[in-house]
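So you can see what is in the structure, the chains are spelled out below.
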Amino acid sequence: MVMKKSFKSLYSVLLLIVLLSVTACKKKDEHQHDDPTPAKPGEIEFHFENRVGSLKFYLGENYVTEAGDTIKFTMFNYYLSNFQLIKEDGSLHTIPKDSSYFLLKANDLESQEIHFKNIPAGKYKGVRFIIGIDSLKSAAPAEQRTGVLDPATGAQGMYWSWNTGYIFVKAEGTCKVPDSTINFRYHIGLFGGYSTPTINNIKNVELMFNQNVEVKEGKKPNIHCYVNPLEMFKTPTTFSIPTQPTIMASPASKTIADNYADMIKFDHVH
Amino acid sequence: MNYPIDLINLRNQSPLIIGWLILFLLMSWGCKKNDSANLPTPKEEFKGFYKPNHFPDIQQPFDVSKINESSFLLGKRLFYDPILSRDSTVSCGSCHIQSSAFTQHGHDVSHGIDDLLGRRNTLPIQNLMWQKNYLWDGGILNLELVAINAITSPVEMDENLPRVVEKLKRSKIYPKMFKDAFGSEEITSIKMLVALGHFMALFISDKSKYDDVMKGKAQFTEQEQRGYNLFKQHCSSCHKEPLFTDETFRNNGIQQFFTIDKGRYEISLMEGDEGKFKVPSLRNLEFTAPYMHDGRFKTLQEVLNHYSSGIINYPNLDPLLVNKIPLNSQEKEDILSFLKTLTDRSFIQEKRFSEF
């Protein structure tokens with residue numbers, strides 16, 4: 001008798017649970033139109049392809065700058081970091097900071113593909129990031145400098161040992177001058193200092209897509225951007241390489257940084 | 001020494017097991033001794049980082065809570081190991097000698113690999129956790145990243161980090177030391193730098209007579225007290241107590257043109273920073289001669305003479321020095337007498353920090 005009774009009450013409890021969960025589901029369904037991120041997260045990819053005009057860019061090939069210099073690159077590396085996706089309504093989705101540092105190298109095509117997982121489903125109309133490394137990370141304890149930020153491995157050649165900070169853009173190569181060629185070296189960094197100010201060459205970039213890009217489970221849109229290394233030498237300042245073939249940590253670094261601020265352009269979506 | 005075996009619980013087991021255990025312990029004890037034959041084993045219990053009561057808050061984000069005896073000993077081993085340099089001739093300790101408060105005694109500028117000379121006078125290593133940045137120009141912001149500068153500088157150790165890591169991996173002793181320090185044999189440059197930081201962060205100099213006076217444990221002599229009063233009147237706005245630096249960059253009028261070395265300007269690239277250098281701490285200055293960023297003054301007397309009569313009115317000269325610091329001979333003697341109370345003999349004799 002007692003057993004039966006408890007079974008009965010167990011059944012009614014179960015029934016109640018089933019009913020409640022069904023209504024809960026209903027409610028969720030009804031609200032789907034209002035809630036902007038109910039679906040499962042998706043992925044998004046960025047492809048930063050080096051190009052000069054309509055042509056692919058290659059290391060070792062001749063290019064003519066705005067100032068008329070004939071140059072060849074042997075290296076073109078730069079950091080992008082602090083990515084934020086701009087939603088249709090203008091709000092931002094910030095990529096978790098520690099998965100938001102990238103070193104893109106002209107001699108490593110894979111490094112030019114950036115892949116974000118776990119992006120809330122929805123429509124996105126643009127992206128923000130910086131060319132360089134933010135000041136907080138530039139002053140972070142060594143243990144927080146992993147991957148492309150590790151001065152000994154990932155960031156080798158992109159870190160100044162005598163002046164805490166990373167080289168944001170590193171371009172090296174040769175430039176023709178009458179009767180010979182000279183080497184050029186542009187190592188542009190400086191994050192503005194931590195406790196006392198220094199030059200700040202961090203460049204914020206915002207790119208708007210030509211359409212709203214939908215992110216959802218099972219879909220992986222690819223945002224294709226073009227990066228023109230020759231932009232280092234034009235707009236706003238037409239820069240003649242033989243006048244200053246080496247610029248590292250010096251006030252002139254600002255000229256090059258101001259120039260490359262617009263070197264990345266959105267092109268199309270796959 | 002902690003063994004991962006609970007001896008008390010084994011008491012009820014057969015005496016044979018205990019016999020084996022004792023044998024094993026004796027053997028491993030023997031092995032340990034052999035392995036660390038080169039390292040002096042501290043007799044006292046390991047004392048980690050501490051903040052002296054009369055010191056301000058630390059300035060570094062470096063995590064001192066992770067310092068343990070093994071990581072400290074690893075840092076010490078690295079600090080005195082010349083394999084950090086390209087040809088195994090120069091260690092950190094070559095230019096940072098304990099008896100000179102970790103400076104390179106007698107050298108105006110530092111003397112590195114291949115007998116090459118740097119541009120600047122070696123700075124002491126002391127009370128590092130209270131600094132916001134390092135070197136005469138403040139170019140390095142993190143304690144554990146300072147060593148990269150010395151290791152990779154072509155006139156200091158002229159080596160690169162990946163090669164150092166390779167050398168450490170090939171060594172017989174380091175993999176075990178890294179395991180003891182960090183829980184895994186994996187050797188990375190970051191761990192190496194952190195271990196060096198664990199060693200150097202404990203270089204705390206807080207036991208000078210001045211400190212004892214501040215703690216109420218001692219009294220200045222009459223002359224020292226006169227010197228202290230003069231010091232507070234003329235010097236302490238830049239050499240701020242109790243660390244004896246306010247961590248700013250200033251031009252103290254030692255030269256008119258800065259062609260070889262522009263100091264802070266080389267880091268900040270800000271106009272007006274030419275010829276400014278970090279105000280150095282005065283602690284242990286009895287051991288750190290010669291003085292100034294280029295080691296131009298051999299004695300403290302020369303330094304005081306500079307401030308009282310030698311200052312050049314350079315455009316970036318610190319406003320506090322425009323009228324020089326008028327001091328008569330007696331006043332200079334008194335100040336010198338006070339400055340010697342900043343000597344911390346226990347620091348330069350501390351066994352835990354010494355090479356041998």
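Residues numbered from 1 in each chain as written. Chains lettered and ligands numbered in written order. Predicted model: local features only at pLDDT ≥ 70, side-chain atom pairs only at ≥ 80, totals over all residues.

### Structural notes on the overall build of chain A
- For chain A, the count of helices and strands is three helices and 14 strands.
- Contacts spanning at least 24 positions in sequence make up 74% of the contacts within chain A whose residues lie at least 6 apart. (Helix = DSSP H or I, 4+ residues; strand = E, 2+ residues; numbered from the N terminus. Contact = placed C-beta atoms within 7 Å.)

### Let's talk about helix 9 (residues 222-234) of chain B
Residue and element names in this part refer to chain B.
- Under the 1.5 Å per step criterion, the end-to-end length of helix 9 is 18 Å for 13 residues, consistent within 8% with the ideal 18 Å.
- Along helix 9, the residues that are buried comprise Glu 224, Gly 227, Tyr 228 and Phe 231. Buried residues of helix 9, seen end-on, are gathered within an arc of 105° and therefore sit on one face of the element. With respect to the buried face of helix 9, the exposed residues turned more than 90 degrees away are Glu 222 and Gln 233.
- Those residues of helix 9 hidden inside the fold are in contact with helix 12 (329-339). (Expected span 1.5 Å × (residues − 1). Buried ≥ 20, exposed ≤ 12 C-beta atoms within 10 Å, placed from the backbone. Arc of directions from axis to C-beta.)

### Concerning the environment of Leu 190 of chain A
Residue and element names in this part refer to chain A.
- Within the secondary structure layout, Leu 190 lies in the loop between strand 10 (180-189) and strand 11 (203-215).
- As for Leu 190 and Asn 201, which are separated by 11 residues in sequence, their C-alpha atoms are 5.6 Å apart.
- With near-sequence residues (within four places) excluded, Leu 190 lies in contact with Gly 165, Thr 198, Ile 199, Asn 200, Asn 201, Ala 249 and Ser 253.

### A closer look at helix 5 (residues 161-170) of chain B
Residue and element names in this part refer to chain B.
- If you check which residues of helix 5 are buried, you get Leu 161, Val 164 and Leu 168. End-on, the buried residues of helix 5 take up no more than an arc of 60°, which puts them together on one face. With respect to the buried face of helix 5, the exposed residues turned more than 90 degrees away are Pro 162, Glu 166 and Arg 170.

### Section: the packing of helix 9 of chain B against helix 12 of chain B
All names here are of chain B.
- Where helix 9 meets helix 12, the axes come as close as 7 Å, and the angle between the chain directions of the two elements is 100°. Of the possible angle classes, the one that applies to helix 9 and helix 12 is roughly perpendicular. Judged by residue contacts, Gln 223, Glu 224, Arg 226, Gly 227, Tyr 228, Leu 230 and Phe 231 of helix 9 engage Glu 331, Asp 334, Ile 335, Ser 337 and Phe 338 from helix 12. (Axes fitted to C-alpha atoms, helices over the stretch in contact; angles between N-to-C directions. Parallel < 35°, antiparallel > 145°, perpendicular 65-115°, else oblique.)

### Focus on the domain arrangement of chain B
Residue and element names in this part refer to chain B.
- Its domain assignment divides chain B into domain 1 (64-204) and domain 2 (209-346).
- Computed over C-alpha atoms only, the centres of domain 1 and domain 2 are separated by 27 Å.
- With 21 residues of domain 1 in contact, the opposing surface of domain 2 contributes 23 residues.
- Residues belonging to the side of domain 1 that touches domain 2 are distributed by class as follows: six nonpolar, 10 polar and five charged. (Domains from an automatic or database assignment. Nonpolar A, V, L, I, M, F, W, Y, C, P; charged D, E, K, R; others polar.)

### A few points about unusual backbone geometry
- A cis amide bond links Thr 235 of chain A to the next residue, Pro 236 of chain A, at an omega of 0°.
- Inspection of the secondary structure puts Pro 236 of chain A in the loop between strand 12 (222-227) and strand 13 (246-247).
- In the segment running from Glu 241 of chain B into Pro 242 of chain B, the intervening peptide bond is cis, with an omega of -5°.
- One can find Pro 242 of chain B in the loop between helix 9 and strand 1 (249-250).
- Positioned with a positive phi, Thr 235 of chain A is a non-glycine residue whose angle comes to about 35°.
- With respect to the helices, strands and loops of the structure, Thr 235 of chain A is situated in the loop between strand 12 and strand 13.
- Given 14 C-beta atoms within a 10 Å radius, Thr 235 of chain A is considered partly exposed.
- With phi around 55°, Leu 269 of chain B is a residue other than glycine that occupies positive phi space.
- On the basis of neighbour counts, which here come to 21 C-beta atoms within 10 Å, the residue Leu 269 of chain B falls in the buried class.

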